[in-house]
Amino acid sequence: MEDLMLKSTIKVAQLEELTTTEQALIHSAIEATSNSYAVYSHFHVGAAVHLANGENVIGCNQENVSFGAGICAERSAIFAAGAQYPDTPIEMIAIAARKADGQLQELPISPCGICRQVMIEVETRFHRPIQILLFGTKEIYVINGIKDLMPLSFTDF
Ligand code: THU
C-alpha cells in the first residue's frame, strides 16, 4: 500500500490586502449576519456571493424548531442567486459570523459539508472555480476553489 497525499492551499490575509470587490463582498456578508434568524443557536452567519454579472447576492442562516428544516447562510445566498440569476456563474463567496454576544468571529468559520457539496455543484455546472473568502476579525482565509476544502469530492456518476 502507498499513501495518497492530498494537498490544499489556503492563503491567510488581512482585509487591506484584498481587492475592493473582495472587501465589499466581505462587508455584505458581515451586514447579512444582522438578517440571520438564529433563535436556537444564537450563531448568526452571513454570506454574500459575487456573480459574473457584477451583482452581489446575500444570504444568512434561517433556523427552524424542526432543526433539519433550517438552512445555512452559504446555501441561502447561493440558492437566492440561482433563483434571481439562474444562468450567471458565481465567482466568489464571502462568509462571516457573529456569536451570541454580538461579536464577529475572530477566526474564520468554514462551510459545512452540505454547503461544500452545493458549491461543488455550482463550480461543476459553470465550469469555473468559486473563490472563497472566510472572514475573521484577526485574519481572513482566501481559498481559490471549493476543491481545496473538499478533496476527493463526489461530482458525477
Ligand atoms: N451555519 C451556517 O449558516 N454556516 C456555516 O458555515 C456553519 C453553520 C449555521 C447553521 C446554524 O443555523 C448555526 O450556524 C449553528 O450551527
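Provided above is the structure to which this section pertains.
Residue positions are given per chain, counted from 1 along the sequence in the order it is written. Only residues with pLDDT of 70 or above have their local features reported here, since the model is predicted, and side-chain atom pairs are shown and tallied only from 80 upward, although totals for entire chains, interfaces and linings are computed over all residues. Hydrogens and water molecules were not included; the side-chain quantities draw on all heavy atoms of the structure.

**Examining unusual backbone geometry**
For step 1, the next point in the chain: For His42, which is not glycine, the phi torsion reads 55 degrees and is therefore positive.
For step 2, the next point in the chain: For the purposes of this entry, the term helix denotes a DSSP run of H or I that reaches at least four residues, the term strand denotes a run of E that reaches at least two, and both are numbered from the N terminus. Counting through the fold element by element, His42 comes out in the loop between helix 1 (20-32) and strand 2 (44-51).
For step 3, the next point in the chain: Look at His127: it is not a glycine, yet its phi comes out positive at around 55 degrees.
For step 4, the next point in the chain: Note that His127 resides in the loop between helix 3 (113-126) and strand 5 (131-134).

**Here's the deal with helix 2 (residues 73-84)**
For step 1, the next point in the chain: Taking 1.5 Å per residue, 12 residues should reach 16 Å; helix 2 reaches 17 Å between its end C-alpha atoms and fits that length.
For step 2, the next point in the chain: The rule is simple: take the accessible area with a 1.4 Å probe, protein chains only, and divide by the maximum for that residue type; under 20% is buried, over 50% is exposed, in between is partly exposed. All of the buried residues along helix 2 are Ala73, Glu74, Arg75, Ser76, Ala77, Ile78 and Ala81. What a helix should span is 1.5 Å times the count of its residues minus one.

**Re the nonpolar core**
For step 1, the next point in the chain: To qualify as a nonpolar core, a set must consist of buried Ala, Val, Leu, Ile, Met, Phe, Trp, Tyr and Cys residues joined through side-chain atoms within 4.5 Å. Membership of the largest hydrophobic core comes to 26 residues, with the highest contact counts inside it found for Val49, Ile78, Ile90, Ile93, Ile95, Met119 and Ile132.
For step 2, the next point in the chain: When residues of this core are traced back to their parent elements, those giving at least two are strand 2, helix 2, strand 4 (90-98), helix 3 and strand 5.
For step 3, the next point in the chain: Take this core: its biggest share by element is six residues, from helix 3.
For step 4, the next point in the chain: In this analysis, two residues are considered to be in contact whenever any of their non-hydrogen atoms come within 4.5 Å of each other. Discounting residues that sit within four places of it in the chain, Ile78 has contacts with Val49, Ile90, Ile93, Val118, Met119 and Val122.
For step 5, the next point in the chain: The next biggest cluster of nonpolar side chains, apart from the first, holds 15 residues, and it includes Ile26, Leu133, Phe135 and Val142.

**Examining helix 3**
For step 1, the next point in the chain: In this model, helix 3 (14 residues) spans 20 Å end to end at C-alpha, consistent with the 20 Å of a helix rising 1.5 Å per residue.
For step 2, the next point in the chain: Along helix 3, the residues classified as buried are Cys115, Arg116, Val118, Met119, Ile120, Val122, Glu123 and Phe126.
For step 3, the next point in the chain: Those residues of helix 3 that are buried are in contact with helix 2, strand 4 and strand 5.

**Description of the pattern of salt bridges**
Any two side chains of opposite charge can pair, given that their charged atoms come close.
For step 1, the next point in the chain: Only one rule defines a salt bridge in this text: a Lys or Arg side-chain nitrogen within 4 Å of an Asp or Glu carboxyl oxygen. With the rule as written, the count across this model stands at three salt bridges.
For step 2, the next point in the chain: For Glu91, the salt bridge identified is with Arg128, shortest N-O distance 3.3 Å. In this pair, Glu91 is assigned in strand 4 and Arg128 in the loop between helix 3 and strand 5, connecting sequence segments 37 residues apart.
For step 3, the next point in the chain: One salt bridge connects Lys138 with Glu106, and the closest N-O pair in it is separated by 3.5 Å. Of this pair, Lys138 sits in the loop between strand 5 and strand 6 (140-143) while Glu106 sits in the loop between strand 4 and helix 3, and the two are 32 residues apart along the sequence.

**Some details on the site of the ligand**
For step 1, the next point in the chain: By convention in this text, a residue qualifies as near a molecule or strand provided that one of its non-hydrogen atoms is within 4 Å of it. Taken together, Ser41, Phe43, Val45, Asn61, Glu63, Cys72, Ala73, Glu74, Ile109, Ser110, Pro111 and Cys112 make up the full set of residues adjacent to the ligand.
For step 2, the next point in the chain: Throughout this description, a polar contact denotes any pair of N or O atoms lying within 3.5 Å of each other; where both atoms belong to protein, one of them has to be capable of donating a hydrogen while the other can accept it, and for residues adjacent in sequence the pair is counted only when both atoms sit in side chains. One of the side-chain N or O atoms of Asn61 is found 2.9 Å from an oxygen atom in the ligand.
For step 3, the next point in the chain: Within the side chain of Glu74, one N or O atom sits 2.6 Å away from an oxygen atom of the ligand.
For step 4, the next point in the chain: Spatially, the ligand is embedded in the largest pocket.
For step 5, the next point in the chain: The classification used treats Ala, Val, Leu, Ile, Met, Phe, Trp, Tyr, Cys and Pro as nonpolar, Asp, Glu, Lys and Arg as charged, and all other residues, Gly among them, as polar. Classifying every residue of the shell around the ligand gives seven nonpolar, three polar and two charged. The method works on a 1 Å grid over the protein atoms by themselves. A cavity is a set of points holding a 1.4 Å probe that cannot get out, a pocket is an open set with protein on both sides within 12 Å along at least five of seven lines, and residues with an atom within 4 Å of a point line them. To qualify as sitting in a cavity or pocket, a molecule needs more than half of its atoms within 2 Å of the grid points.

Distances and angles like these do not, on their own, reveal function.
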